[in-house]
Amino acid sequence: MDGMTPRLEEEATDGLPSVAPRLRDLRRHSALTLEATARRAGLSPAHLSRLETGHRQPSLPMLLTLARIYGTTVSALLGESAPDREAVLRADEAQATEADGWTYHRAGGPGRAMQALRVHVPHGAQGDLVRVHPGEEWLYILSGELRLVLGESVHRLAVGDSAHFDSLTPHRIAAVTADGVDLLFVHTLLQSATAGLCLPQEI
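Conventions and cut-offs
- Residues numbered from 1 in each chain as written.
- Predicted model: local features only at pLDDT ≥ 70, side-chain atom pairs only at ≥ 80, totals over all residues.
- Heavy atoms only, no water.
- Helix = DSSP H or I, 4+ residues; strand = E, 2+ residues; numbered from the N terminus.
- Buried < 20%, exposed > 50% of the residue type's maximum accessible area, 1.4 Å probe, protein only.
- Areas by Shrake-Rupley, 256 points an atom, 1.4 Å probe, with all protein chains shown as cover.
- Arc of directions from axis to C-beta.
- Contact = heavy atoms within 4.5 Å.
- Polar contact = N/O pair within 3.5 Å; in protein donor to acceptor, adjacent residues only side chain to side chain.
- Phe/Tyr/Trp six-rings, centres within 6.5 Å; stacked < 30°, edge-to-face > 60°.
- Pairing = 2+ DSSP bridges.
- Salt bridge = Lys/Arg side-chain N within 4 Å of Asp/Glu carboxyl O.

On to the overall build of the protein, then. Summing up its helical and strand segments, the protein has five helices and 11 strands in all. Buried residues in the protein amount to 46% of all 203 residues. In the structure as shown, the protein presents an accessible area of about 9600 Å², 51% of it carried by carbon and sulfur atoms.

Now the structure itself:
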């Protein structure tokens, strides 16, 4: 969702020590330079370098962006795996992960064409961050009220409402309610680092 977006360069204080080497290894495996990856992710090369060395920690939106670039999942970036691609995920197996105010639970298995998450979006999150990338997204509101902008259209989604849209439509979300929004989120994954990418930009 190519320009430089300062909001993606904010500090994150929650430690995710295993992410840094995995980000570096995935970039090198994808045969991407630091500069090329940073440009596609809407970061400066210096900031991406700090992510790869563990001096800064990525937010959940940045993890989603990098996962799409590398053709993988957020769960894989965090080192989570499910043996033998189990079809069923038990409630006690979906431990919460926090990054930059976001809280999410894995709601599906790794290595699939789609990624499913249960997400808590804090108040105002991504209020002015626009995303455009190949694929589809689906979300369903569990609690709270969400503001969803799709192109020129603005939608207010309440509990029980859902949205299913082409991710090439410029889109942004923001939690309207003070307590944030809980939602189910499903998106298709890029399978190649040379495919179209999730690009942050200002409007």
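Now that the structure is up, let's keep going.
A few words now on helix α1 (residues 19-29). Note that an α-helix has 3.6 residues per turn; residues three or four places apart therefore point the same way. Within the sequence span of α1, burial applies to Val19, Ala20, Leu23 and Arg27. Here the buried residues of α1 occupy an arc of 100° about the axis, which is enough to place them on one side. Seen from the open side of α1, the exposed residues pointing more than 90 degrees away from its buried face are Arg28 and His29. Of the surrounding secondary structure, the elements contacted by the buried residues of α1 are α2 (34-41), α3 (45-53), α4 (60-69) and α5 (74-77).

Here Glu137 shows up in strand β5 (residues 136-143). Taking relative accessible area as the criterion, Glu137 reaches 5% and is therefore assigned buried. A distance of 3.5 Å separates a polar atom in the side chain of Glu137 from a polar atom in the side chain of Arg68.

A full pass over the atoms with the stated rule returns one aromatic pair. When the centroid spacing of 6.2 Å and the interplanar angle of 15° are considered together, the rings of Trp138 and Tyr140 count as stacked. Judged by relative accessible area, which is 29%, Trp138 ranks as partly exposed. Residue Tyr140 is classed as partly exposed on the basis of its relative accessible area, which comes to 30%.

A word on the pairing of strand β7 (residues 153-157). The pairing of strand β6 (residues 146-150) with β7 spans five bridges and is classified as antiparallel. Paired with Leu148 across the bridge in β7 is His155. What sits between β6 and β7 in their antiparallel hairpin is a turn of two residues, with Gly151 showing a positive phi close to 60°.

Looking now at the pattern of salt bridges. Under the criterion given, the structure shown has three salt bridges. The partner of Arg27 in a salt bridge is Glu52, with the nearest N and O atoms 2.6 Å apart. Within this pair, whereas Arg27 is found in helix α1, its partner Glu52 is found in helix α3, the two being separated by 25 residues in sequence. Note that Glu137 is salt-bridged to Arg68, the shortest N-O span being 3.5 Å.

The subject of this paragraph is the environment of Glu152. Within the fold, Glu152 resides in the loop between β6 and β7. Remark: the alpha-carbon pair of Glu152 and Pro170, spanning 18 residues in sequence, is separated by 8.7 Å.

In terms of burial, α4 is a largely internal element, 10 of the 10 residues being buried. Phi for Gly71, located one or two positions after α4, is positive at around 65°.

Glancing now at the environment of Thr33. You can see Thr33 is positioned in the loop between α1 and α2. Classification of Thr33 by relative accessible area gives partly exposed; the value is 44%.

In this section: unusual backbone geometry. At Ala31, a position not held by glycine, the phi torsion is positive, near 60°. Here Ala31 lies in the loop between α1 and α2.

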